[in-house]
Structure formats: C-alpha cells, structure tokens
Amino acid sequence: MTDPIADYLTRLRNAISAKHRVVEVPASNLKKEITKILFDKGYILNYKFVEDGPQGTIKVALKYDAVNKVNAIKKLIRVSTPGLRKYTGYKDMPRVINGLGIAIISTSKGVMTDKEASALRIGGEVLCYVY
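Cut-off values and rules
Residues numbered from 1 in each chain as written. Predicted model: local features only at pLDDT ≥ 70, side-chain atom pairs only at ≥ 80, totals over all residues. Heavy atoms only, no water. UniProt positions renumbered as here; feature names shortened; annotations may be inferred. Helix = DSSP H or I, 4+ residues; strand = E, 2+ residues; numbered from the N terminus. Buried < 20%, exposed > 50% of the residue type's maximum accessible area, 1.4 Å probe, protein only. Contact = heavy atoms within 4.5 Å. Areas by Shrake-Rupley, 256 points an atom, 1.4 Å probe, with all protein chains shown as cover. Lys, Arg positive; Asp, Glu negative; His and termini not counted. Charge placed at Lys NZ, Arg CZ, Asp CG, Glu CD. Core = buried A, V, L, I, M, F, W, Y, C linked by side-chain atoms within 4.5 Å. Domains from an automatic or database assignment. Expected span 1.5 Å × (residues − 1). Arc of directions from axis to C-beta.

Under an unreviewed UniProt entry, the name given to the protein chain is Small ribosomal subunit protein uS8, and the source organism is Phocaeicola salanitronis. Check the Sequence similarities (unreviewed entry) section of the UniProt entry for the protein chain; it says "Belongs to the universal ribosomal protein uS8 family." The UniProt entry for the protein chain carries this comment under Function (unreviewed entry): "One of the primary rRNA binding proteins, it binds directly to 16S rRNA central domain where it helps coordinate assembly of the platform of the 30S subunit."

Below you can see the structure in the form of structure tokens.
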C-alpha cells in the first residue's frame, strides 16, 4: 500500500456513506494520532485500539445526530500525498471553511490541528482537511 493515510480516510468515508456505526482500520502510530484528534474535536463518538497481531486495529465509532441521522463528518479530504507533499509554515496555515473545519498537520512536535500549530508557531505537512 502506497498511502495508508488515504486508505484510512477512505475507509471512514465509505463507512459514513454506508451508515455504519463502527469501522475497523489497520493501526499505525500516525493513524492513532489522527483518530485522537478526530475524537477530541468531536467528529467521532469513540475509538478503541485493539492489539491483535503485529499491527493491531483501530475500532472507530462514528458519530451521528440522533434526530436526523446526519454524520458529524461532512468531508474528509487528503491534501498531502506520497507523490506530492504539501507543506506549510505557521504564517500560511490553511483555513478550512473559514475556521469552521480543521486541518490536521504533521509537525516536528507531533500531529496536531492547524490552530494548535499556529499557536506554537510551527509549520509542517498538511495531512488532511476535516469538516
């Protein structure tokens, strides 16, 4: 597999479009950090790291509105790919839907949102946009 982050985002997208409650994805440290950010920002209901075999899996419980069954995640867009990396400095941080969404950035201090990276005044690789 050439792009595991794109695979992770695609599995989430497919589960949302199929109205699944839980989706399982193969684990990696970067995927775990992205999952923690999605949970902290309220885009997913819960997550669980299952250690089975050498790699393990991540079980993600998707978040739906109780009344009209709309998912909390509207779009997941992969920005930086292995063929074309996208980097940003803290001054040129991307704004997703004028600040309503988040951009997930991989920095030298770890994986964080665009607002946290701006506050720490560090740039990095723009992994994806979520809104």
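Regarding its fold elements, the protein chain presents three helices and eight strands. When the helices and strands of the protein chain are placed in sequence order, the string is α-β-α-β-β-β-β-β-β-α-β. Across its three principal directions, the C-alpha atoms of the protein chain cover 40 × 40 × 25 Å. By the burial criterion, 40% of the 131 residues in the protein chain qualify as buried. Within the protein chain, contacts between residues separated by at least 24 positions form 61% of all contacts whose residues are at least 6 apart in sequence. Here the protein chain displays about 7400 Å² of accessible surface, and carbon together with sulfur accounts for 53% of that area. Averaging the positions of the 22 positive and the 12 negative side-chain charges in the protein chain gives two centres separated by 5 Å.

Grouped together as the largest cluster of nonpolar side chains are 26 residues, with contacts concentrated most on Leu-12, Ile-34, Leu-38, Ile-104 and Val-130. If you list the elements that add at least two residues to this core, you get helix 1 (4–17), strand 1 (22–26), helix 2 (29–40), strand 3 (57–62), strand 6 (102–107) and strand 8 (124–130). Of all the elements, helix 1 adds the most residues to this core, at six residues. No fewer than three residues from each of domain 1 (4–62) and domain 2 (76–130) sit in this core. Ignoring anything within four residues of it in the chain, the contact list for Ile-104 reads Ile-34, Ile-37, Leu-38, Val-111, Met-112, Glu-125, Val-126, Leu-127, Cys-128 and Val-130. Membership of the second largest hydrophobic core comes to nine residues, among which are Val-79, Val-96, Ala-103 and Val-126.

Mapping Gly-123 onto the fold places it in the loop between helix 3 (114–120) and strand 8. Given the relative accessible area of 27%, Gly-123 is considered partly exposed. Sequence spacing of Gly-123 and Thr-88 is 35 residues, and the spatial spacing of their C-alpha atoms is 5.4 Å. Setting aside residues no more than four positions away along its own chain, Gly-123 makes contact with Thr-88, Gly-89, Tyr-90, Met-93 and Thr-107.

Between its first and last C-alpha, helix 1 extends 20 Å over 14 residues, near the 20 Å set by a 1.5 Å rise per residue. Along helix 1, the residues that are buried comprise Ile-5, Tyr-8, Leu-9, Leu-12, Ala-15 and Ile-16. One side of helix 1 carries all its buried residues, which in axial view fall inside an arc of 125°. Against the buried residues of helix 1 lie strand 1, helix 2, strand 3, strand 4 (76–78) and strand 8. Phi for Lys-19, located one or two positions after helix 1, is positive at around 60°.

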